[in-house]
Amino acid sequence: MKTFYIETFGCQMNAHDSEKVVGTLVGQGYRQVPTPDDAELVFYNTCSIRDRAEQKVFHRLDQFKRDGKGKTFAVLGCVAQQEGEKIFEKAPHVSLVCGSASYNRLPELLVQLETGSRRVAGLSLDTEDTFETPFARRDNPHRAYITIIEGCDKSCAYCVVPFTRGPERSRTGQSVLAEARQLADMGYSEVQLLGQNVNSYRDPSPAAWDFAALLRHVAQVPGLRRVRFTTSHPRDFVKDIVDAIDEYPVLCNHVHLPVQSGSTRMLDAMQRLYTREEYLRRIEWMKATRRPIAITTDIIVGFPGETEEDFEVTLDLLDHVKYDSIFGFKYSRRPNTPALTLGDQIPEEEKTRRLAIVLEKQRAIQIERNAAYVGSVEECLVEGFNRATGQWIGRTSQHKTLNFLRPGRDQDLLGRYVDVRVTRAGPNSLAGECVN
Ligand code: SAM
Ligand code: SF4
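Conventions we followed
- Residues numbered from 1 in each chain as written.
- Chains lettered and ligands numbered in written order.
- Predicted model: local features only at pLDDT ≥ 70, side-chain atom pairs only at ≥ 80, totals over all residues.
- Heavy atoms only, no water.
- Near = heavy atom within 4 Å.
- Polar contact = N/O pair within 3.5 Å; in protein donor to acceptor, adjacent residues only side chain to side chain.
- Areas by Shrake-Rupley, 256 points an atom, 1.4 Å probe, with all protein chains shown as cover.
- Helix = DSSP H or I, 4+ residues; strand = E, 2+ residues; numbered from the N terminus.
- Nonpolar A, V, L, I, M, F, W, Y, C, P; charged D, E, K, R; others polar.
- Axes fitted to C-alpha atoms, helices over the stretch in contact; angles between N-to-C directions.
- Parallel < 35°, antiparallel > 145°, perpendicular 65-115°, else oblique.
- Left-handed = near helix turned anticlockwise from the far one by under 90°.
- Contact = heavy atoms within 4.5 Å.
- Core = buried A, V, L, I, M, F, W, Y, C linked by side-chain atoms within 4.5 Å.
- Buried < 20%, exposed > 50% of the residue type's maximum accessible area, 1.4 Å probe, protein only.
- Pairing = 2+ DSSP bridges.

Undergrad: Before we move on, could you go through the site of ligand 1 and cite the residues and values that matter?
TA: Around ligand 1 lies a shell of 17 residues, among which Gln196, Gln260, Arg272, Asp298 and Ser332 are the nearest. Between Gln196 and ligand 1, the recorded distance is 2.8 Å, taken from a backbone N or O atom to a nitrogen atom. For ligand 1, a nitrogen atom lies 3.0 Å from a polar atom in the side chain of Asn197. Considering ligand 1 on its own, with 570 Å² of exposed area, one finds that the protein chains cover 91% of that surface. Counting only elements with at least two residues in the shell around ligand 1, the list comes to β13 (294–301) and β14 (325–330). Of the residues assigned to the shell around ligand 1, the class counts are six nonpolar, six polar and five charged.

This is the structure:
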């Protein structure tokens, strides 16, 4: 039996793709091992969203340039799709490159390798298929990912995803529901629906469910207590999604809605397809719900042409929305993207300065927002135990980390739902005591 090791870089889509790849490999008779040293086959499932992410995989491969003899190296995912067979030149010890749109072909590509081919590639983006497999090897025993849509049909000026993951393909609503039911039967209480833009979902079967309809159906699967979804694109974020969250408490009250910039001029240059005002209307819908919805976002600073004034209005947006948390990024030039040809690139030091200001402002907002939870009781799914502090690690429906003590009782709480009174708050987490 052949052994393999896999390391995953990047987003949750990649993490779940790897779970499916592992399942596929195990189904083909391969055995997973925990380190590359013990493996005959070494897989890297890669990310190319920013330059730094892309460099990581070449750095890993470099480590094996000399002492990787006898091993087979494979590059999967976004770098594989973006660089294609050029990877064989950059890293001659690589034997397989395969983009995510070709994962269905992995078993066949592995057979080619085993039967003597020196180099094989799966790089076609011309597919209507999604990567569905009954074999996914899920890493988390309580929360399971379900891919509902792959690829992206938008063309944000900075982004490689449309080039690395191909066109949008939605799964049928019935296959998503069948997977959700199966996961609930297996004991998972939380599922997370995944896609680059989950809310662009459109059931290809005659039922033609949109995303809100899919949410309502998944919310009613017996046994599921929490349903999350990420990422939502503001352009396709309709009010019906907010209504569904309000109707079904099983749908977690957390929405990740990447804004990228608070300046309509920049949003236009980024080809984001919404204005600041349209974005803020969606925020107003969420702020008007019965159950408070936690809102998180992504911000890019230093997109070409971003003036001090554009930057200031992004800071103003943070003040206005008061996000529960954000991911902030410095703009990174990516191959093939429309923004490559734009002039007026912002110097690296200036991007660093702007990012630091954004993160500092957001830290102050989070301290203020989290402080408002002190005294409240929150239901947590217990996800871990910190031996150093003796605290359990819980997650609220709003996706906040709540560390808590449970004096006098040491039974295993992992995977259970408990109520916790919040006693302290920091910028990135809450702390409290279990009340049941
Ligand atoms: N589809 C989602 C959307 O439209 O909001 C985002 C998916 S993308 C994988 C995740 C985040 O990476 C984006 O929201 C953006 O903030 C960031 N990102 C993408 N391309 C980038 C680039 N070239 N430079 C810096 N950040 C980038
Ligand atoms: Fe990238 Fe834009 Fe597609 Fe999101 S919507 S994956 S940012 S191109």
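Undergrad: So what's going on with the packing of helix α8 (residues 211–219) against helix α9 (residues 239–247)? Residues and values would help.
TA: Relative orientation of the contacting elements α8 and α9 amounts to 15°, with a least axis distance of 8 Å. With respect to α9, the axis of α8 lies roughly parallel. Here α8 runs over α9; the crossing is right-handed. Listed contacts from α9 to Phe211, Ala212, Leu215 and Arg216 of α8 are Asp240, Ile241, Asp243, Ala244 and Glu247. Among the residues making up the contact of α8 with α9, the classes are represented as five nonpolar, no polar and four charged.

Undergrad: Lay out the nonpolar core in plain terms, naming residues and giving numbers.
TA: With 56 residues, the main nonpolar core has Ile148 and Phe211 as its most contacted residues. With seven residues, the top contributor of residues to this core is α8. Here Ile148 is in contact with Arg169, Ser170, Arg171, Val176, Leu193, Leu194, Val198, Tyr201, Phe211 and Leu214, once residues within four sequence places are set aside.

Undergrad: Account for the pairing of strand β3 (residues 41–46), naming residues and giving values.
TA: With six of six residues buried, β3 is to be regarded as a mostly interior element. Every second residue of β3 is oriented toward a common face, with Leu41, Phe43 and Asn45 on one face and Val42, Tyr44 and Thr46 on the other, all of them buried. Across five bridges, the pairing between strand β1 (residues 3–8) and β3 is parallel. For Tyr5, the partnering residue across the bridge sits in β3 and is Val42. As paired elements, β3 and strand β4 (residues 72–77) share six bridges and run parallel to each other. Across the sheet, Thr46 pairs through a bridge with Gly77, a residue of β4.

Undergrad: Could you give me a rundown of the environment of Cys159, with the residues and numbers involved?
TA: Relative to the assigned elements, Cys159 resides in the loop between β8 (149–150) and α6 (161–165). With sequence-adjacent residues up to four places away left out, Cys159 is seen in contact with Ile49 and Thr337.

Undergrad: Summarise the site of ligand 2; cite the residues concerned and give the values.
TA: The immediate surroundings of ligand 2 are formed by Cys152, Lys154, Cys156, Tyr158, Cys159, Val161, Pro162, Gln196, Asn197, His233 and Arg272. Looking at side-chain class alone, the shell around ligand 2 contains six nonpolar, three polar and two charged residues.

Undergrad: Any chance you could break down the sheet that holds strand β5 (residues 94–98) for me, citing the residues and the numbers?
TA: In spatial order, the strands read β2-β1-β3-β4-β5-β6; together these six strands make up an open sheet with parallel pairing. At either end of the open sheet lies a strand with only one pairing partner, and these are β2 (31–32) and β6 (120–122). Where β5 and β6 come together, three bridges link them in parallel fashion. Within β6, the residue paired with Leu96 across the bridge is Val120. Running at roughly 165° to β3, helix α2 (residues 51–63) makes contact with β1, β3, β4 and β5 of the sheet.

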